[in-house]
Amino acid sequence: MRLTEILAELERYLDADAPELSLPPAAFTSPELWRAEQELVLGRSWLLAAHTDQLAGPGAAVTVAPGGRPVTVTRDPDGALRARSALGPHRPAPAVEEWRGLVFVNPDGTAEPLAPHLRRTGAELAAYRLPEMTQVAAWTEEWRCNWKVAVQNAHENYHAMGLHPTTVALITPPGGAMEVRAETRWVTRLLSPFREPLASTALPLDAAQRATMYNCAVFPCGSLAAFGDSVVWITMIPLAVDRVEVRGGVLMHPAALTGLDREALREQYAEIAAGAAVVNREDRVGMEAVQRVAGSRFAARGHLSPKEPGVTAFYRALARSLTAP
């Protein structure tokens, strides 16, 4: 498919009667679309880059390379966060913003602030005390798939039955319904039920919070999900048309760790990291298989399940960025 044809199909997701279909396979392999995404999506959007624990002291730095164009965030001696682009000083410095312990960067230095778009999310996550949380596990991986394959996977839990039968599927009901609410152009809230309410030993969570996974997706490729006493953040940084860097971490409130000695803490951190690695490996294997299918000449569009409204929400956000920037 040509770029104009792919964009025309994307625009259909903005209609009230949007098609209940996946994107055309060419959307995951087209070099033309990838070049458009580099400029219109990656070059103008807020990208989740790190947790503040990774930028704790003066001189600490984190680099992300959306579209292969590195952006480095550093902590200055005065405590402020700065960002610089590898494209050189002739361009405005990228914008950087810290929100409740999460660090976002936007290659467009003139971008509107992100925080106002997260106001409602912040209120609904107040009980989790995000600014006080500490990172207890982290990962950086590279998957051989288009970034949209990875991101749309994070917008639904329907796949847990097939990809995560002994992990995520143990705490989520088979094909559990998802409630989707588009907050703003940049933020979408996704609610999914747990099989049973999760325990909360350190945070003042109510019954609904313990019974529900709260997922906040920040377009184009970042999200955070609350699981009882822990919060998981993840970001899929597009590197090339068929490669994505997956970064993330597990956050916990220090109160949940009170009373544990150093050895017990080490064991708990290792267990959390191992669990996250298993889930990531299951997703990576599945997403790389999807990418191989998308590149086949026999690939065709598939029907979306009623359990996947989050995928449609992601397609709408993508369409707005590419067709009405």
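Not measured: the values here are computed from a predicted model.

> Is there a simple way to explain helix α7 (residues 262–294) in this structure?
Working note: α-helix, 3.6 residues per turn, so residues spaced by three or four point in the same direction. For α7, with 33 residues, the first-to-last C-alpha span of 47 Å sits near the 48 Å given by 1.5 Å per residue. Among the residues making up α7, those that are buried are Ala 276, Asn 280, Glu 282, Asp 283, Gly 286, Met 287, Glu 288, Gln 291 and Ala 294.

> Help me understand the environment of Thr 134, please; the structure alone is not making it clear to me.
Along the chain, the position of Thr 134 falls in strand β7 (residues 134–143). As for Thr 134 and Ala 150, which are separated by 16 residues in sequence, their C-alpha atoms are 26 Å apart. Apart from residues lying up to four places away in sequence, Thr 134 is in contact with Asp 53, Val 250, Leu 251, Met 252 and Leu 257. One polar contact links Thr 134 to Asp 53, side chain to side chain, over a distance of 3.0 Å.

> What am I meant to see in the side chain of Ser 321 here?
Within the secondary structure, Ser 321 is located in helix α8 (residues 309–323). Residue Ser 321 is classed as buried on the basis of its relative accessible area of 2%.

> I would appreciate a short explanation of the packing of aromatic side chains in the present structure.
Aromatic ring pairs are reported here in terms of the distance separating the ring centres and the angle at which the planes meet. Throughout the structure, instances matching the rule amount to 6 aromatic pairs. With 6.0 Å between their ring centres and 40° between their planes, Phe 194 and Phe 227 make a pair best called tilted. Of this pair, Phe 194 sits in the loop between β9 (187–193) and α6 (207–211) while Phe 227 sits in strand β11 (residues 222–227), placing them 33 residues apart in sequence. Accessibility expressed as a relative area gives 23% for Phe 227, which makes it partly exposed.

> Is there a simple way to explain the pattern of salt bridges in this structure?
Pairing between side chains becomes possible if they bear opposite charge and their charged atoms approach one another. Applying the stated criterion across every chain yields a total of 19 salt bridges. The closest approach of N and O atoms between Arg 120 and Glu 124, which form a salt bridge, is 3.7 Å. A residue pair is termed a helical-turn pair when its members lie 3 or 4 positions apart in one helix, as Arg 120 and Glu 124 do in helix α3 (residues 119–124) at 4 residues. Residue Arg 120 is classed as partly exposed on the basis of its relative accessible area, which comes to 47%. Between Arg 243 and Glu 142 there is a salt bridge; the shortest N-O distance is 3.3 Å. In this pair, Arg 243 sits in strand β13 (residues 243–252) while Glu 142 sits in strand β7, placing the two residues 101 residues apart along the sequence. What makes Arg 243 partly exposed here is its relative accessible area of 25%. Shared partners join several salt bridges into a network, and the residues in it are Arg 120, Glu 124, Glu 179, Arg 181, Glu 183 and Arg 189.

> I would appreciate a short explanation of the sheet that holds strand β2 (residues 61–64) in the present structure.
Two pairing modes exist for strands in a sheet, parallel and antiparallel, and in both the strands are linked by backbone hydrogen bonds. In spatial order, the strands read β2-β3-β4; together these 3 strands make up an open sheet with antiparallel pairing. Of all strands in the sheet, those with a lone pairing partner are β2 and β4 (81–85), marking the two edges. For this sheet, the mean inter-axis angle between neighbouring strands, taken without regard to orientation, is 20°. Strand direction decides the pairing type here: β2 and strand β3 (residues 71–75), joined by 4 bridges, are antiparallel. Opposite Val 62, over in β3, you have Val 73 as the bridge partner.

> Would you mind showing me how to read the sheet that holds strand β1 (residues 47–51) here?
With antiparallel pairing, the 3 strands of this open sheet are ordered in space as β1-β6-β5. Two strands close off the open sheet at either side, each with one partner strand: β1 and β5 (95–99). Taken pair by pair, the neighbouring strands of this sheet meet at an average axis angle of 30°, ignoring direction. The pairing of β5 with strand β6 (residues 102–106) spans 5 bridges and is classified as antiparallel. Bridging across to β6, Glu 98 finds its partner in Val 103.

Rules used in this analysis
Residues numbered from 1 in each chain as written. Predicted model: local features only at pLDDT ≥ 70, side-chain atom pairs only at ≥ 80, totals over all residues. Heavy atoms only, no water. Helix = DSSP H or I, 4+ residues; strand = E, 2+ residues; numbered from the N terminus. Expected span 1.5 Å × (residues − 1). Buried < 20%, exposed > 50% of the residue type's maximum accessible area, 1.4 Å probe, protein only. Contact = heavy atoms within 4.5 Å. Polar contact = N/O pair within 3.5 Å; in protein donor to acceptor, adjacent residues only side chain to side chain. Phe/Tyr/Trp six-rings, centres within 6.5 Å; stacked < 30°, edge-to-face > 60°. Salt bridge = Lys/Arg side-chain N within 4 Å of Asp/Glu carboxyl O. Pairing = 2+ DSSP bridges. Axes fitted to C-alpha atoms, helices over the stretch in contact; angles between N-to-C directions.

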